[in-house]
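# Structural overview
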Protein chains: 2
Amino acid sequence: KAGWSDLDVRAVDTARVLAADAVQRTGNGHPGTAMSLAPVAYLLYQNVMRHDPADPAWLGRDRFVLSCGHSSLTQYVQLYLSGYGLELDDLKALRTWGSLTPGHPEVHHTKGIEITTGPLGSGLASAVGMAMAQRRQRGMLDPDAKAGESPFDHHVWVLASDGDLMEGVSSEACSLAGHQELGNLTVVYDANQISIEDDTDISFSEDVALRFQAYGWDVVDVDWRQSNDPAGTPDYTEDIDSLLAALEKSRRPGKRPTLVRLHTVIAWPAPSARGTGKAHGSALGDAEVAATKELLGFDPKKTFQVDRAVLAHTREVKKRGKAAHREWDKGYKAWRKGNPETAALLDRLVAGELPKDFAKALPVFEADPKGIATRAASGKVLSALGRVVPELWGGSADLAESNNTTMEGQSSFIPTSKQTAEWKGGPYGRTLHFGIRENGMGMILNGIALEGLTRPYGGTFLVFSDYMRPAVRLAALQQLPVTFVWTHDSIGLGEDGPTHQPVEQVASLRAIPQLDMVRPADANETAEAWAEILRRRRTAGLALSRQALPTIDRTTHAKASGVRKGAYVLVDGGRNGDEAPEVILIATGSEVTLALAAREKLEQARVRTRVVSMPCREWFEEQPRSYQSKVLPPEVKARVSVEAGVSMGWHDLVGDAGRCVSLEHFGASADGATLFREFGFTPEAVVKAAKDSL
Amino acid sequence: KAGWSDLDVRAVDTARVLAADAVQRTGNGHPGTAMSLAPVAYLLYQNVMRHDPADPAWLGRDRFVLSCGHSSLTQYVQLYLSGYGLELDDLKALRTWGSLTPGHPEVHHTKGIEITTGPLGSGLASAVGMAMAQRRQRGMLDPDAKAGESPFDHHVWVLASDGDLMEGVSSEACSLAGHQELGNLTVVYDANQISIEDDTDISFSEDVALRFQAYGWDVVDVDWRQSNDPAGTPDYTEDIDSLLAALEKSRRPGKRPTLVRLHTVIAWPAPSARGTGKAHGSALGDAEVAATKELLGFDPKKTFQVDRAVLAHTREVKKRGKAAHREWDKGYKAWRKGNPETAALLDRLVAGELPKDFAKALPVFEADPKGIATRAASGKVLSALGRVVPELWGGSADLAESNNTTMEGQSSFIPTSKQTAEWKGGPYGRTLHFGIRENGMGMILNGIALEGLTRPYGGTFLVFSDYMRPAVRLAALQQLPVTFVWTHDSIGLGEDGPTHQPVEQVASLRAIPQLDMVRPADANETAEAWAEILRRRRTAGLALSRQALPTIDRTTHAKASGVRKGAYVLVDGGRNGDEAPEVILIATGSEVTLALAAREKLEQARVRTRVVSMPCREWFEEQPRSYQSKVLPPEVKARVSVEAGVSMGWHDLVGDAGRCVSLEHFGASADGATLFREFGFTPEAVVKAAKDSL
């Protein structure tokens with residue numbers, strides 16, 4: 001039993017009134033859910049979650065994910081009441097320039113916010129990633145402790161809405177959560193039956209409980225609309241004790257995630273707005289706010305009214321948090337003492353540092369005109385890194401062998417009972433299997449990164465980056481160190497045809513701010529790319545070839561370490577490759593080889609030709625102007641970009657005199673060599689473009 | 001009972017052998033599923049579906065969707081056996097340049113292919129759209145006929161794989177299919193437990209039957225692995241009669257879609273390959289193909305062996321199809337006679353023509369410095385078009401009021417029992433409710449367009465075009481006349497913050513080939529944009545503002561009909577706007593007003609400034625060079641693009657001397673006016689850029 005006092009009840013009502021006031025003051029926002037979920041959020045922050053407002057980064061804290069991010073006030077008000085640093089002025093500044101209380105919660109912006117949410121389904125799906133990461137981290141640090149007894153055991157709590165459950169990405173992630181037996185995950189599904197088009201019956205009549213049972217979840221129904229509690233309003237009683245019982249049960253060690261389907265009335269208890277669609281996304285209006293205040297015994301003339309006693313009471317959670325933290329510290333210190341090496345690892349992970357000399361483990365590939373696919377090189381690099389960078393882990397959306405995402409010798413992250421003939425592993429394994437669920441994979445990778453200790457990656461075909469674009473954007477927006485491994489990066493993949501051939505994907509991913517797109521030209525560039533991605537700790541995407549690419553001879557060409565600067569002169573003009581160029585060929589990935597072949601012909605025609613390999617435009621743009629001018633001297637106007645995709649984005653580098661060898665239409669089904677030839681990716685075509693440019 | 005003769009059995013085995021041979025010959029492809037699903041596909045084409053190989057466009061035909069598009073041979077072989085025009089040479093040319101048998105089925109490329117599939121989940125989700133369109137079309141043409149007795153009644157049949165069911169988009173669409181009570185939809189789910197990572201147990205252990213029951217589907221299990229038929233192989237018997245019974249039952253008029261979960265063994269009966277992951281996506285090898293042939297009584301030394309009697313037998317389906325077509329014609333003719341006006345409508349729809357003078361219905365908006373949001377203008381335009389263009393219909397992914405996608409006076413497309421207080425309608429209604437399922441919406445719109453008679457549209461926020469990008473790409477690839485209504489098209493949307501503010505979306509959508517992105521500047525451009533989109537019958541996306549935009553005075557500025565050419569001179573240089581410009585400001589959408597304001601300042605500073613409104617780059621690029629040069633004279637190098645998004649894609653138009661007023665980072669939570677100011681979208685900033693450019 002929660003055993004709430006009158007002060008607790010008053011605090012919950014205060015949360016409702018603050019939410020209504022904040023939206024009313026700003027003039028827009030989402031009051032309804034913040035009002036009806038106030039008791040739920042209060043229960044979590046005051047009675048259920050293990051957290052310490054004084055240390056939002058505490059390793060032992062539970063995680064809270066507000067998947068219905070539009071209801072940001074649900075969380076902001078609790079952060080205020082709990083003493084995370086938000087004050088009334090912050091609530092008054094809701095949704096205004098520079099405030100700590102933006103429209104949707106933003107991680108790294110407001111203390112106590114674990115994740116940026118808003119796009120529906122994303123928070124819930126990323127929470128699955130957090131729960132997976134918790135298990136993996138525990139497995140790395142403290143595998144032998146009993147369930148619930150490790151300092152690295154914590155629980156992930158989610159508030160989700162109808163909209164979260166309609167989005168396909170939540171189906172993907174929740175199916176996987178059931179499969180992975182994530183007993184450390186509890187989702188409170190706020191079944192208020194209201195979305196922007198009002199009654200959800202207009203589009204959503206599935207049986208959510210049955211659906212989650214199908215996924216292997218425990219499902220508990222708590223219905224506040226039908227309580228017989230004589231003390232409550234006849235048709236609605238916020239039965240906190242039933243909810244608390246469900247939550248407490250769900251946190252016990254077990255093999256199933258829990259969905260608590262909580263039937264609520266949106267905007268409860270606002271007398272006219274409750275249960276209406278309008279209460280979802282609009283200010284209630286002065287009259288309705290006043291009426292609500294009267295109903296709850298607040299002064300309708302005052303705004304942002306908080307009784308001193310209420311705040312003093314709610315902020316006692318800081319003491320409880322401190323005590324819990326102190327208690328945890330005992331176990332943590334004992335663990336450190338007993339596990340000095342692992343503790344050193346943990347310190348490194350917390351600091352976000354890589355192992356010293358990790359890059360020495362990288363394979364070096366011999367020059368080879370036949371070469372290997374960059375996806376294959378990536379696989380070898382990952383296997384090498386896997387041995388020295390234990391925080392690195394990942395997998396594929398059912399394309400492990402195609403994406404070369406499996407690190408050699410690493411077992412699968414899978415309940416022991418679900419191993420297959422092909423894949424052996426256990427709950428603490430390292431190879432992830434996402435199934436054919438790209439967006440779910442992306443969101444899960446984000447959640448893993450947000451847990452904070454490991455470096456996750458996930459693979460699929462580049463064309464299917466489209467499926468996971470919402471997750472990629474959120475990774476970039478949150479500046480998460482997630483690496484997307486996208487193979488089969490052009491028409492070079494061949495016979496699978498236009499549905500599988502990326503044409504516009506590299507350009508359209510480059511358009512995403514804060515995302516580094518890296519398209520290495522050969523095996524050694526691939527190794528350098530991985531190392532640089534790990535060093536930078538930013539969101540990165542790798543575009544890797546299906547087909548073999550020659551391994552460039554680095555005795556006659558520049559070293560692959562140029563990758564670190566995003567672009568470098570691979571070979572310069574003249575017979576010996578050391579003369580100032582008349583024309584510059586700028587190429588990425590598989591087209592670097594093509595540019596080199598074109599350069600041969602141009603040199604034969606006595607055109608001094610520089611080839612620039614440009615695996616990552618974003619890294620190049622970070623370089624000092626002086627380096628940029630060295631690679632692309634402003635006086636050399638004759639320039640040709642060579643990339644097997646749309647030319648969008650290349651004109652700024654090639655300029656008015658330049659030409660783009662590009663592909664402005666969808667692909668076709670035939671072998672890759674034929675497609676390159678038929679679509680104009682030949683040395684002759686590059687030579688012609690270079691001559692046109694001169 | 002199917003009552004198959006020995007010839008039928010031989011034909012099925014022929015299909016298996018042809019599939020194995022075709023992949024073996026090409027050296028790559030997907031033989032396994034084509035082999036194990038051969039009896040299923042044969043049953044559909046020979047015994048179940050209403051179709052006429054001589055007329056693949058027959059209005060009365062059932063639709064077949066191969067959602068597991070990688071198994072294209074499943075369909076190609078049946079098209080060959082049924083006599084759709086494919087011959088053995090086409091099968092031999094599998095996955096080669098220019099063939100009729102590309103890696104994945106492509107609509108408009110191979111006769112008898114209804115839809116391009118390959119990206120998993122997409123076919124199944126679009127099939128839901130076909131089933132919805134069938135109901136709507138029947139409602140438009142023949143609403144009073146009894147169930148199953150209209151010429152416009154037909155059934156949609158889908159073959160789907162494990163992968164289709166893992167993808168979130170199938171969850172979205174199938175939940176909606178149950179909600180919509182689509183009794184005209186049958187999905188055969190090939191539960192072979194194999195995907196690329198081998199046994200699907202590694203990532204997929206949900207109870208699919210329970211999940212579909214939760215969606216409101218009928219679920220039938222047919223397990224060929226456990227038959228006790230003494231005539232069959234002990235552990236596997238292809239019990240065609242059970243399958244047929246399930247299919248026949250599912251086609252009876254009813255209120256539930258049907259999922260037939262068919263447990264199969266992939267690559268059956270190949271002696272070593274069956275049931276293995278390798279059989280999914282690799283050629284079986286000569287030895288295994290030979291062994292399979294021996295097992296089935298084929299000459300292992302021959303390839304592409306088809307008994308003359310088999311082909312003669314299977315092609316009798318043409319006769320049956322012709323007879324069914326003739327029978328149907330009777331009812332169809334009677335319908336035409338009884339409904340001459342509707343028949344005229346149908347003829348127009350089949351011809352793909354718009355009503356004459358439809359554009360006269362478009363509203364004209366008076367000049368107004370306050371103006372209205374282009375989303376609001378779009379709503380008014382749609383309402384006007386709705387009255388004269390009956391084939392136009394659409395809705396929103398739960399944002400009807402925000403997207404302004406509801407045509408005035410049109411009822412909802414919804415089972416009568418599922419109307420809500422807010423939305424009234426019935427099974428033949430016209431307003432679609434997709435729920436918060438953007439990708440599902442997109443795929444459904446594609447399916448509606450593929451059915452062929454109507455013009456669908458669907459709305460969400462522009463930033464969530466990311467969620468539906470796979471569907472948008474497939475629409476463009478298939479050249480479907482679908483219109484995506486994307487509102488809240490920039491930081492101008494304000495307080496919802498960076499998760500909701502599109503920055504890179506317009507550019508990244510422009511990168512998709514065959515997609516027209518249209519961003520009108522005011523209400524009148526919005527009207528012209530809609531009309532032009534309808535005329536062109538291509539895939540189009542509209543980017544519309546949340547905030548009010550001034551309605552430009554067309555007596556002092558050029559007419560909005562310039563929209564049809566994609567870009568036009570809105571006003572030229574000089575005090576009277578008729579002098580040759582020194583600088584050109586190129587703007588789209590809400591930034592056109594900003595460009596006009598900047599022009600005022602530039603003219604005051606005696607800089608002759610032309611403003612070009614460029615709502616659609618794709619349409620502009622189609623214009624003759626002479627028109628393009630008139631709008632953007634090559635001699636005027638001083639150019640500034642003004643668009644509240646990334647500059648990617650603008651450098652080719654503004655050139656080396658040009659400048660871009662753009663946004664290269666994510667947005668923030670504040671009111672729109674503040675964001676424009678803080679992020680440099682001011683007349684002063686545009687003036688500065690113009691002066692820099694001069």
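Residues numbered from 1 in each chain as written. Chains lettered and ligands numbered in written order. Predicted model: local features only at pLDDT ≥ 70, side-chain atom pairs only at ≥ 80, totals over all residues. Heavy atoms only, no water.

## Brief notes about the interface of chain B and chain A
Each partner contributes residues to the interface: chain B has 105 residues there, and chain A has 105 residues. Ranking the residues of chain B by area buried against chain A places W97, E197 and R473 of chain B at the top, with a combined share of 10%. For the pair chain B and chain A, the number of links is eight salt bridges. Residues R469 of chain A and D466 of chain B are paired through a salt bridge, measuring 3.3 Å at the closest nitrogen-oxygen approach. Along the contact surface separating chain B from chain A lie 55 residue pairs in polar contact (both at pLDDT 80 or more). In terms of residue class, the side of chain B that touches chain A is made up of 40 nonpolar, 35 polar and 30 charged. (Contact = heavy atoms within 4.5 Å. Buried area = accessible area lost by both parts, 1.4 Å probe. Salt bridge = Lys/Arg side-chain N within 4 Å of Asp/Glu carboxyl O. Polar contact = N/O pair within 3.5 Å; in protein donor to acceptor, adjacent residues only side chain to side chain. Nonpolar A, V, L, I, M, F, W, Y, C, P; charged D, E, K, R; others polar.)

## What to know about the pairing of strand β15 (residues 515-518) of chain B
Residue and element names in this part refer to chain B. Because side chains alternate across β15, one face comprises the buried residues L515 and M517, and the other comprises D516 and V518, equally buried. Strand direction decides the pairing type here: β15 and strand β16 (residues 539-544), joined by four bridges, are parallel. Within β16, the residue paired with D516 across the bridge is A540. Tracing the backbone out of β15, into helix α21 (residues 523-536) and back to the parallel element β16 gives a crossover that is right-handed. (Buried < 20%, exposed > 50% of the residue type's maximum accessible area, 1.4 Å probe, protein only. Helix = DSSP H or I, 4+ residues; strand = E, 2+ residues; numbered from the N terminus. Pairing = 2+ DSSP bridges. Right-handed = clockwise from strand over helix to strand, strands pointing away.)

## So, the pattern of salt bridges
Overall, the coordinates contain 90 salt bridges over all chains when judged by the stated rule. For K278 of chain A, the salt bridge goes to E401 of chain B, with nearest N and O atoms at 3.3 Å. Of this pair, K278 of chain A sits in helix α11 (residues 278-281) while E401 of chain B sits in helix α17 (residues 400-403), on two different chains. Each member of the pair, K278 of chain A together with E401 of chain B, is exposed. Put simply, E248 of chain B and R251 of chain B hold a salt bridge, and the shortest N to O gap is 3.5 Å. Pair noted here: E248 of chain B and R251 of chain B are both in helix α10 (residues 240-251), with a separation of three residues, about one helical turn. For E248 of chain B, a relative accessible area of 28% puts it in the partly exposed group. Each of R61, R63, E114 and E451 of chain A takes part in one network of salt bridges that share partners.

## Points about unusual backbone geometry
Residue W268 of chain A is joined to P269 of chain A through a cis peptide bond whose omega torsion reads 5°. Note on placement: P269 of chain A falls in the loop between β7 (258-263) and α11. Notably, R537 of chain B is not glycine yet its phi reads approximately 55°, a positive angle. Along the chain, R537 of chain B turns up in the loop between α21 and β16.

## Details of the pairing of β16 of chain B
All names here are of chain B. In terms of residue burial, β16 counts as a mostly covered element, since six of its six residues are buried. The side-chain alternation of β16 yields two buried faces, one formed by T539, G541 and A543 and the other by A540, L542 and L544. In the sheet, strand β14 (residues 483-487) pairs with β16 via five bridges, with the strands oriented parallel. Looking across to β16, one finds that W486 is bridged to A543.

## Some remarks on the domain arrangement of chain A
Residues and elements named next belong to chain A. On domain assignment, one finds that chain A holds domain 1 (6-323), domain 2 (358-550) and domain 3 (565-693). Relative placement of domain 1 and domain 2: their C-alpha centres are 34 Å apart. Both sides of the domain 1 and domain 2 interface together cover about 2900 Å² of buried area, and 63% of this is carbon and sulfur. For domain 1, the biggest contributors to the area lost against domain 2 are R135, R136 and E172; these three give 22% of the whole. Viewed at the interface, domain 2 and domain 1 are joined by two salt bridges. Between K418 and E181 there is a salt bridge whose closest N-O contact spans 3.2 Å. Here domain 1 is connected to domain 2 by 15 residue pairs in polar contact (both at pLDDT 80 or more). Counting residues per element, the ones that place at least two in the side of domain 1 that touches domain 2 are α6 (122-141) and α8 (168-179). If one sorts the elements of the side of domain 1 that touches domain 2 by residue count, α6 sits on top with 16 residues. When its residues are assigned to classes, the side of domain 1 that touches domain 2 shows 15 nonpolar, 13 polar and seven charged. (Domains from an automatic or database assignment.)

## A few points about the relation of the copies chain B and chain A
At an RMSD of 0.0 Å, chain B and chain A line up after a rotation of 180° and a shift of 0.0 Å along the axis. Accordingly, the operation relating the two chain copies is best matched by a two-fold axis. With an isologous cut-off of 70% or more, the 100% of interface residues of chain B that recur at the interface of chain A puts this contact in the isologous class. (Least-squares fit on C-alpha atoms with pLDDT ≥ 70 in both.)

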